Amino acid sequence: MEYASIPGVSTPVSRVGLGTWAMGGTQWGGTDDDESVRTIHAALDMGVTLIDTAPAYGFGHSEEVVGRAIAERGGRERVVVATKVGLEQRGEGVIRNSSRRRLFEEIEISLTRLRTDYIDLYQVHWPDFATPYEETAQALLDLQRAGRIRAIGVSNYSIEAMERFRRVAPLAAAQPPLNLFERQALADIIPWCRANGLSTLTYGALCRGLLTGGMNESTRFEGDDLRKTDPKFQPPRYAQYLQAVQRLTQFARERYDKGMLPLAIRWVLDQPGVTVALWGARHPGELAPLRDVMGWSLDGEALMYMDSVVNESVRDPVGPEFMAPPERHQEESSEPQGAPI
């Protein structure tokens, strides 16, 4: 395993972190808690030290599973728990709410679910345009000073939003999406973080499973699986992405004697400024390729070829914007209003 660091977090973080969205049981076709716990234990056994979760994953269920797994294993101080804040449940969905009042309510609930008295990295899940960034930053700074959180992070924030935020509170990390098919962060967010001393936890490294190499045109998604509405999984785009994966799978096998999944994760880790690639799993066996990710790197020629494959195959690319939750209306905020960015 390769390790790095996050400012304010004393425990070294594994450069592959375990993402637990699917363990929440919603939007991914269901889950098995016992199997999820075994998956977390397997990850820890393989040297993973960072577990990323959020209240929005199964309306708190993912946090409960993570808390149970760590409590059963023990050694809380050896695990970096990263969770999030700022999405409020409304009916069967969520809306953005990063008001001071909401943040102070949420952290107590998250600490209870996680069975801990502190959170290593507390991240604002999505920007809330109905709450001034300064209000959110001050609330998190107060929680940090009170010892409830070790480090402050944001996810899906623009550079302008992060600039405003860190005038009030120190930012340790940012979490943007990044994979072979969704790489906008390489043009702006990640270089900015690198220049300003922020760690990056990049999510979606396997692009909702597309980059595992295990899907084909007959793959079907059941229940509330979000891929039923993901534009990448709808024709005609789906065939384009599958063609790219097929070509990249052949390249991984011929050039490195590896599978598609290790190639996709290695690509993320080899991007300048990337600290951690988050890898979602809910079965221990899904972690087996982790051993093939470490101990090698992609050279410039390989990176150029992979870029050409994506550009040639995917003629109608689309980003991850469909996952963005709805915003609150300005009138819903009881705090002073700030201009949205």
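Everything numeric in this text was worked out from a predicted model, so none of it was measured.

1. Focus: the nonpolar core
Piece 1. Core analysis: the biggest nonpolar cluster contains 91 residues, and Met162, Phe165, Phe181 and Leu263 have the highest contact counts within it.
Piece 2. When residues of this core are assigned to their parent elements, the largest contribution, nine residues, is made by helix α7 (residues 237–256).
Piece 3. Counting 20 residues, the second largest nonpolar core, distinct from the first, contains Ala56, Val94, Leu201 and Tyr203.

2. Examining the confidence of the model for the chain
Piece 1. On average, residues of the chain score 91 in pLDDT, and 94% of them reach the 70 mark or higher.
Piece 2. Note that residues 333–341 has pLDDT below 50 and, in this model, 23 contacts with residues that lie over four places away or in other chains.

3. A few points about the packing of α7 against helix α9 (residues 300–313)
Piece 1. The interhelical angle for the contact between α7 and α9, taken along N-to-C directions, is 155°, at an axis separation of 8 Å. Relative to α9, the element α7 lies roughly antiparallel. Handedness of the α7/α9 crossing: right-handed. In this structure, α7 uses Gln240, Gln243, Ala244, Arg247, Leu248, Phe251, Arg255 and Tyr256 to contact α9, whose residues at the interface are Glu301, Ala302, Tyr305, Met306, Val309, Val310, Glu312 and Ser313.

4. A few points about helix α5 (residues 159–166)
Piece 1. Within the span of α5, buried status applies to Ala161, Met162, Arg164 and Phe165. The buried residues of α5 occupy one face: seen down the axis, they fall within an arc of 160°.
Piece 2. Buried residues along α5 sit against β8 (119–124), α4 (133–145), β9 (149–155), β10 (173–175) and α6 (189–195).

5. Here's the deal with unusual backbone geometry
Piece 1. In the segment running from Pro235 into Pro236, the intervening peptide bond is cis, with an omega of 0°.
Piece 2. Within the secondary structure, Pro236 is located in the loop between β11 (199–202) and α7.
Piece 3. Even without being a glycine, Cys207 presents a positive backbone phi close to 50°.
Piece 4. Positive phi values are uncommon outside glycine, yet Arg208 reaches one of about 55°.

6. A short note on the pattern of salt bridges
Piece 1. Following the criterion strictly, the structure yields 26 salt bridges and no others.
Piece 2. When the shortest N-O distance is used, the salt bridge between Arg113 and Glu63 registers 3.0 Å. Here Arg113, found in helix α3 (residues 100–114), pairs with Glu63, found in helix α2 (residues 61–73); they are 50 residues apart in sequence, far enough to count as distant.
Piece 3. Among the ionic pairs, Asp270 bridges to Arg266, the shortest N-O distance being 3.0 Å.
Piece 4. One network of salt bridges, in which partners are shared, links Glu2, Arg15, Arg266 and Asp270.

7. Details of the packing of α4 against α5
Piece 1. The interhelical angle for the contact between α4 and α5, taken along N-to-C directions, is 50°, at an axis separation of 8 Å. In terms of axis orientation, α4 runs oblique to α5. In this structure, the crossing between α4 and α5 has a hand that is right-handed. Taking contact as the criterion, the partners of Tyr133, Glu134, Thr136, Ala137 and Leu140 in α4 are, on α5, Ala161, Arg164 and Phe165.
Piece 2. When the residues that make up the contact of α4 with α5 are grouped by side-chain class, the tally is five nonpolar, one polar and two charged.

Criteria and cut-off values
- Residues numbered from 1 in each chain as written.
- Predicted model: local features only at pLDDT ≥ 70, side-chain atom pairs only at ≥ 80, totals over all residues.
- Heavy atoms only, no water.
- Core = buried A, V, L, I, M, F, W, Y, C linked by side-chain atoms within 4.5 Å.
- Buried < 20%, exposed > 50% of the residue type's maximum accessible area, 1.4 Å probe, protein only.
- Helix = DSSP H or I, 4+ residues; strand = E, 2+ residues; numbered from the N terminus.
- pLDDT = per-residue confidence, 0-100.
- Contact = heavy atoms within 4.5 Å.
- Axes fitted to C-alpha atoms, helices over the stretch in contact; angles between N-to-C directions.
- Parallel < 35°, antiparallel > 145°, perpendicular 65-115°, else oblique.
- Left-handed = near helix turned anticlockwise from the far one by under 90°.
- Arc of directions from axis to C-beta.
- Salt bridge = Lys/Arg side-chain N within 4 Å of Asp/Glu carboxyl O.
- Nonpolar A, V, L, I, M, F, W, Y, C, P; charged D, E, K, R; others polar.

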